[in-house]
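Given next are the chains, with one letter for each unit.
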Amino acid sequence: MRVLLDDLTGASGAVADEDLPELYDAPESWLRLNFVATVDGAATGADGRSGSINNPVDKQVFHLLRRSSDAIIVGAGTARAEGYGPAVRPLVVLSRRGAVPSKLQSAPVGSVFVATTSTAPQIDEARELLGADQVLELGADEPDLTRLRPVLAERGLTRLLSEGGPHVFHDMLAAGIVDELDLTWVPSLVAGSGLRILAGAPLDVQLAPKVLLEQDGTMLGRWFVARG
């Protein structure tokens, strides 16, 4: 892997696998989104899953980001579509209905949270499946995402990784709670009408590039959300 840009550590030229943790290090309190996309902007392949467009180097960074985070946040729709099971870190599932995806319903105790509203239709079922302490209420009628980070911080979870999907990414940006985008471009074109990494009403969010890596045509970057 080679460094094309590094404004964080000053690395240049070729880097080894053992250098990646430093290149992807994050502050103690941080929320970043990780996505993969094709060169023509698709966030999924024809099957509607990101797993059908990623590759080994993307998976390497994917697993690194998971290991270096305190918790992994994902929308319920993405968790179902991608077949999420228990992960190396606690999973926080965002669900307006309070639903627990089927593959997470028998997860080890304490390994899954559901973030929802106090009036969610399936909140009682979520409490029964996961335990009352694992159900996070972020509002009455609509999830207030500005409350998500403080609620998780109360549980000691401050280095946060979100894996989307595109609607969740949009809503997090709109709420102003995102610090960083980690994006992998794979060298392929898929056309079709699939989602981009963002889905929702227009936004105007400026990013500052910090790290750009390349391996075998795959580009991997870190962008920090500009403040003020």
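Rules used throughout
- For every chain, the first residue of its written sequence is number 1, and the numbers climb from 1 along that sequence.
- Reporting in this predicted model follows two pLDDT cut-offs: at least 70 for local features of residues, and 80 or more for side-chain atom pairs to be given and counted; totals over whole chains, interfaces and linings ignore these cut-offs and use all residues.
- The basis for every side-chain value is the complete set of non-hydrogen atoms in the structure, without hydrogens or water.
- Any Lys or Arg side-chain nitrogen located within 4 Å of an Asp or Glu carboxyl oxygen qualifies as a salt bridge.
- The way it works is that DSSP assigns letters per residue, a run of H or I at least four long becomes a helix, a run of E at least two long becomes a strand, and they are numbered from the N terminus.
- Residue burial is assigned from relative accessible area. The probe radius is 1.4 Å, only protein chains are included, and a residue is buried under 20% of its type maximum, exposed over 50%, and partly exposed in between.
- Paired strands, as defined in this entry, are two strands with at least two bridges between them according to DSSP.
- Residue contacts are counted whenever heavy atoms from the two residues lie within 4.5 Å of one another.
- Axis geometry follows a simple rule: fit a line to the C-alpha atoms, using only the stretch in contact for helices, then measure angles between N-to-C directions, giving values from 0 to 180 degrees.
- For patch detection, residues must exceed 30% relative accessible area and be free of salt bridges, and they are connected within 9 Å for like charges or within 5 Å for nonpolar side chains (Val, Leu, Ile, Met, Phe, Trp, Tyr).
- The accessible surface values rely on the Shrake-Rupley method and a 1.4 Å probe; as for residues, cover is taken only from the protein chains in view.
- In this tally, Asp and Glu contribute negative charge and Lys and Arg positive charge; neither His nor the terminal groups of the chain are included.
- For this purpose, a charge sits on NZ of Lys, CZ of Arg, CG of Asp or CD of Glu.
- Any two of the Phe, Tyr and Trp rings considered here, Trp counted by its six-membered ring, make a pair once their centres fall within 6.5 Å; the pair's planes then place it as stacked at under 30 degrees, edge-to-face at over 60, or tilted in between.
- Take the buried residues of types Ala, Val, Leu, Ile, Met, Phe, Trp, Tyr and Cys, join any two whose side-chain atoms come within 4.5 Å, and each joined set is a nonpolar core.
- The directions considered for the arc are those from the helix axis to the C-beta atoms.

Quick look at the pattern of salt bridges now. All told, the structure shown has 16 salt bridges when counted by the stated rule. For Arg66, the salt bridge is made with Glu163, and the minimal N-O distance between the two is 2.8 Å. With a gap of 97 residues between them, Arg66 in helix 2 (residues 56-67) and Glu163 in the loop between strand 8 (159-162) and helix 6 (166-175) connect regions that are remote in the sequence. One salt bridge in this structure joins Asp179 and Arg227, with 2.7 Å as the shortest N-O distance. Of the two residues, Asp179 is situated in the loop between helix 6 and strand 9 (180-186) and Arg227 in the segment after strand 11 (218-225); the sequence distance between them amounts to 48 residues. Asp179 gets classed as buried once you look at its relative accessible area, which sits at 10%. The network of salt bridges with common partners includes Arg32, Glu180, Asp182 and Arg222.

Residue alternation in strand 5 (residues 91-94) divides its side chains into two sets, Leu91 and Val93 and Val92 and Leu94, and both sets are buried. Pairing of strand 4 (residues 71-75) with strand 5 involves four bridges; the strand directions are parallel. Looking at strand 5, one finds that Ile73 is bridged to Val92. In this sheet, strand 6 (residues 112-116) lies alongside strand 5 in parallel orientation, the contact comprising four bridges.

Taken together, the eleven strands give an open sheet; going across it, the order is 2-1-10-11-9-3-8-4-5-6-7, and neighbouring strands pair in mixed fashion. Of all the strands in the sheet, the pair left with one neighbour each is strand 2 (13-14) and strand 7 (135-137). In this structure, strand 1 (residues 2-6) lies alongside strand 10 (residues 207-215), joined through four bridges in antiparallel fashion. Within the sheet, the bridge partner assigned to Arg2 lies in strand 10 and is Glu214. Each of strand 3 (30-38), strand 4, strand 5, strand 8, strand 9 and strand 11 is contacted by helix 6, which is oriented at about 140 degrees to strand 3, the strand it contacts most.

Bringing a negative patch on the surface into the picture now. A contiguous patch of negative charge on the surface is contributed by Asp17, Glu18, Asp19 and Glu22. Here Glu18 lies in the loop between strand 2 and helix 1 (20-23).

This part covers the packing of aromatic side chains. Applying the stated criterion across every chain yields a total of three aromatic pairs. Ring geometry for Trp30 against Phe224: centres 5.1 Å apart, planes inclined by 65 degrees, an arrangement best described as edge-to-face. Of this pair, Trp30 sits in strand 3 while Phe224 sits in strand 11; the two residues are 194 residues apart in sequence, bridging distant segments of the chain. Phe224 carries the same exposure label as Trp30, and that label is buried. Here the aromatic rings of Trp185 and Trp223 are separated by 5.5 Å at their centres, their planes lie at 80 degrees, and the arrangement is edge-to-face.

Formed by 31 residues in total, the largest nonpolar core has its most connected members in Met1, Leu20, Tyr24, Val93, Leu213 and Leu220. Going through the elements one at a time, helix 1, helix 2, strand 4, helix 3 (76-81), strand 5, strand 6, helix 4 (123-130) and strand 10 are the ones with two or more residues in this core. Setting aside residues no more than four positions away along its own chain, Tyr24 makes contact with Arg32, Val61, Leu64, Leu65, Asp182, Leu213, Leu220, Gly221 and Arg222. With 30 residues, the next largest nonpolar core counts Leu31, Phe35, Leu136 and Leu152 among its residues.

A word on helix 4. Among the residues making up helix 4, those that are buried are Ile123, Ala126 and Leu130. Buried residues of helix 4 fall within an arc of 55 degrees about the axis and therefore sit on the same side. The exposed residues of helix 4 that point more than 90 degrees off its buried face are Asp124 and Glu128. Next to the buried residues of helix 4 lie strand 6 and strand 7. Following helix 4 by one or two positions, Gly131 adopts a phi angle in the positive range, close to 105 degrees.

All right, on to a nonpolar patch on the surface then. Taken together, the side chains of Leu203, Val205 and Leu207 make up a nonpolar region of the molecular surface, amounting to roughly 200 Å² of accessible area. Inspection of the secondary structure assignment puts Val205 in the loop between strand 9 and strand 10. Since its relative accessible area comes to 31%, Val205 is described here as partly exposed.

By themselves, these are just geometric observations and shouldn't be taken as functional.
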